Amino acid sequence: MRFLSMPLIVAALLVGCNDDPDPTPTPDSGTPQQDSGTPQPDAGNPPEDAGTQEPDAGVPPEDAGTPDDAGTLPSGPPVPQGPPNVPEFPPAFPGQTRAPAIQSQTQFMVVEVTSGIRNPWAIAFLPDQRMLVTEKPTGRLYIVTQEGVKSPAVTGLPTVDGRGQGGLLDVEVGPDYAESRLIYWTYAEPRQGGNGLAVARAKLVDGAQPAVENVQVIFRMMPTLESTLHSGGRLVFAPDGKLFVTLGERSILAGRAQAQDVKSHFGKVVRINPDGSVPQDNPYVNTPEAKPEIWSVGHRNILSAALDGQGRLWIVEMGPQGGDELNRPEAGKDYGWPTIGYGEEYSGAPIHDSPTRAGMEQPVYYWDPVIAPSGMTIYSGTLFPEWRNDIFVGGLAAQALVRLMVRNDRVVGEEHLLLNRKERIREVVQGPEGALYLLTDATNGKVLKVLPR
C-alpha cells in the first residue's frame, strides 16, 4: 500500500473535519465533493402542481431491442460516462464495470406524492400503506399518506447531530409491528467527545399528533469520533428476524485506518437481534477483543442495502474519486477498504497499490467515475415484470435511478433512468403494490412514485 505524504495527510484531515454547523445545502460547483453527496439547493417551496403525473421523457421506443430473460444477454457500449479516474487499474474479471447499456421496454410515469421535506433520507411503509419519512438535518419523522398528506412531526425522538452527513437517517418498521408497534431508526448521536451512529427503537403511537414512546437505543457505533461524515446507517431485517446495520468509517484518516480492525465498528456491516443483543452465530463472537456484532469488514461508507429473493444481503458503498462498489457481504469476509479498491483521493493522489489482494473480496461491480449511491431495492413486484430481480440504486452525483440487470450474481446490463428530472435520488423503496418510491435530496425534497403508464 502506498503511503501519503504529510501534506496530503493534513489536507485529508482538514477535509474530513469540516464541521460546518449549518446543514443547509451548498451549490454544486461541478467539482467532486466528499462522496459527491452534498445536496443542492432549490427554490425551497413546494411546486403548485404537487401530485400531478408526469410522463418520463426518457422512456425508450418500443423497438429499443433490449433482450428479455429468455433472450441473449445484453451487449454493446456502456452507459455514457466520463473516463475512469484510475485507468491503470483494470477490472478483475469481465463485466465487473461498465456493463452494456440497456433500455427498459416498459413505459412508466412519475407521480409526485408530496414535497416540501428538507433533505429526506428514508421511507418505510406502515401496514396501511402510509409512509414513514425521515428528514435528515432536522431529525424530524413524518407520516405521509398515499394522497400526499403529511402529519405533524412525530414527537419523542432523541436529538440528532444534523451536521454534514449526519442527522436522522434510516427508518424501518419492525417485522412484528402488527403486535408490537415497534419502529427502528438510525441517527447521528451527539456524544461527549464527538458523535456516532446509533440505532433506536420505540413504539409508534398513531393519531393526530403521532409520537414514539419507550425509546431504547439498541446499538451504538464505537468508538466515538468527531466527524460529520461516513456514518453509513441503512437497516435491513433478514428473513430470520436478525437486523443488519451498515456503517461507514467516518472518512477522516483516524477512522479509515479502523475499517479492517475487528475491535472497531468503523467500516463494517453488523448483525444484531431486534433487542440489540448479539446473535451467537455471528462470525467474530468467539474472537478475543473483536466487536461481536460484526458481520463483515473493510467497507468505506455503505448507504445502500437490500435483500434479494434468496434473502441474501446486497450493499452498494461509496467510493472516493472512483470506485463505488456493489458487494454481497458474507459472514467474516474482508472487502478490502482501504487496502484495495478502484478509486483515488479527491486530490488525485493514490490510495491503493493494487485493486486486488489475496484474502480480500472483489466487488461484484464497480463504477469509475462514481454515481454516489444511496438507497437501494431489488425488485420483486408484479407491476414491472421486466424489472423482476433487477437492482435499483439511487444516484446522487449521477442524478439518476440506476438499474442493474443481474444474472447469476453478475451485472450484465445497466440503465440510468429519470435523467431528465435532474434530481439527486436519495432513497429507492419498493412499495406494497409494486411501485417504486423515491426520495429526492434537496431542501424541497419530494416523494415520487414510479408506475407503469
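Nothing here was measured: the structure is a model prediction, and the numbers come from that model.

## A short note on the overall build of the protein
Looking only at helices and strands, the protein has 3 helices and 24 strands in total. Sequence-distant contacts in the protein: of pairs separated by 6 or more residues, those separated by 24 or more amount to 62%. On the protein, roughly 17500 Å² of surface is accessible, and the fraction owed to carbon and sulfur atoms is 52%.

## Some thoughts on the nonpolar core
The biggest cluster of nonpolar side chains holds 49 residues, and the ones touching the most others in it are Leu132, Trp185, Leu204, Leu243 and Val245. Top contributing element to this core by residue count: strand 8 (residues 194-205), with 6 residues. The residues touching Val245, leaving out its near neighbours within four places in the chain, are Leu197, Val199, Arg234, Leu235, Lys268, Val269, Val270 and Ile272.

## Digging into the layout of surface pockets
Reported here for the second largest pocket is a volume of approximately 780 Å³. In this structure, the second largest pocket is lined by 36 residues; those nearest its centre are Glu172, Val236, Thr377, Val429 and Gln430. Among the secondary structure elements, those contributing two or more residues to the lining of the second largest pocket are strand 3 (120-125), strand 6 (168-173), helix 2 (177-180), strand 10 (232-237), strand 14 (302-307), strand 18 (373-378) and strand 22 (425-430). A class-by-class count of the residues in the lining of the second largest pocket yields 20 nonpolar, 9 polar and 7 charged.

## A short note on the packing of aromatic side chains
The geometry of an aromatic ring pair is captured by the separation of the ring centres together with the interplanar angle, meaning the angle of the planes. Per the stated rule, a full pass over the model turns up 10 aromatic pairs. One aromatic cluster is present, built from ring pairs that chain together Phe108, Tyr379, Phe384, Trp387 and Phe392. Between Lys150 and the ring centre of Tyr142, over which it is positioned, the NZ or CZ distance is 4.6 Å.

## What to know about empty space enclosed by the protein
By the definition in use, this model includes 2 cavities of 30 Å³ or more. Considering only enclosed or pocket space, the largest cavity measures out at about 80 Å³ in volume. Residue lining of the largest cavity: 14 residues in total, with Arg300, Glu317, Gly323, Glu325 and Trp337 positioned closest to the centre. Of the residues assigned to the lining of the largest cavity, the class counts are 6 nonpolar, 5 polar and 3 charged. In this structure, the second largest cavity encloses a volume near 30 Å³. Taken together, Asp161, Arg163, Gly166, Ala188, Asn195, Ser227, Thr228, Leu229, Ser231 and Arg250 make up the lining of the second largest cavity.

## Here we look at the pattern of salt bridges
One pass over the structure, following the stated rule, counts 26 salt bridges. Note that Lys446 and Glu112 form a salt bridge whose closest N and O atoms lie 3.9 Å from each other. In this pair, Lys446 sits in strand 24 (residues 445-452) while Glu112 sits in strand 2 (residues 108-117), placing the two residues 334 residues apart along the sequence. Note on accessibility: Lys446 and Glu112 belong to one class, buried. Across the pair Lys333 and Glu330 runs a salt bridge whose closest N-O atoms are separated by 3.2 Å. Ionic contacts of the salt-bridge type, sharing partners, join the residues Asp308, Arg312, Arg328, Glu330, Lys333 and Asp409 into one network.

## Structural notes on the sheet that holds strand 11 (residues 243-247)
The sheet built from 4 strands is open, its strands ordered 10-11-12-13 with antiparallel pairing. Sheet topology places strand 10 and strand 13 (294-296) at the edges, where each strand pairs with a single neighbour. Pairwise comparison of adjacent strand axes, ignoring direction, gives a mean angle of 30° for this sheet. Relative to strand 13, strand 12 (residues 269-272) runs antiparallel, the two sharing 2 bridges. Bridge pairing in strand 13 links Val270 to Ile294.

Parameters at a glance
- Residue numbering note: each chain is counted from 1, following its sequence as written.
- Predicted model: local features are reported for residues with pLDDT of at least 70 only, side-chain atom pairs are reported and counted for 80 or more only, and whole-chain, interface and lining totals are derived from all residues.
- Side-chain numbers here rest on the full set of heavy atoms in the structure, without hydrogens or water.
- We count a stretch as a helix when DSSP gives it H or I for four or more residues in a row; a strand needs E for two or more, and each element gets its number in order from the N terminus.
- Contacts: residue pairs with any heavy atoms within 4.5 Å of one another.
- Here, Shrake-Rupley sampling with a 1.4 Å probe gives the accessible areas, and only protein chains in the shown set may cover a residue.
- Side-chain atoms within 4.5 Å link the members of a nonpolar core, which is a set of buried Ala, Val, Leu, Ile, Met, Phe, Trp, Tyr and Cys residues.
- Note on exposure labels: buried denotes an accessible area under 20% of the residue type's maximum, exposed denotes more than 50%, and partly exposed covers the range between, all computed with a 1.4 Å probe on protein chains only.
- Both site types are read off a 1 Å grid over the protein atoms alone. A 1.4 Å probe that fits but cannot get out defines a cavity, while an open set with protein on both sides within 12 Å along at least five of seven lines defines a pocket; lining residues have an atom within 4 Å of a point.
- Grid points are joined across faces, edges and corners, and a volume is the space filled by probe spheres set on the points.
- Three categories are distinguished: nonpolar for Ala, Val, Leu, Ile, Met, Phe, Trp, Tyr, Cys and Pro, charged for Asp, Glu, Lys and Arg, and polar for the others, with Gly belonging to the last.
- In this analysis, rings of Phe, Tyr and Trp, with Trp reduced to its six-membered ring, are considered paired at centre separations within 6.5 Å, and the interplanar angle assigns stacked below 30 degrees, edge-to-face beyond 60, and tilted for intermediate values.
- Charge-over-ring contacts are defined here by two conditions on Lys NZ or Arg CZ: a distance within 6 Å of the ring centre and an angle within 35 degrees of the ring normal.
- For this analysis, a salt bridge means a side-chain nitrogen from Lys or Arg found within 4 Å of a carboxyl oxygen belonging to Asp or Glu.
- At least two DSSP bridges between two strands are required for those strands to pair.
- Simply put, an axis is a line fit to the C-alpha atoms, just over the touching stretch for a helix, and the angle between two N-to-C directions goes from 0 to 180 degrees.

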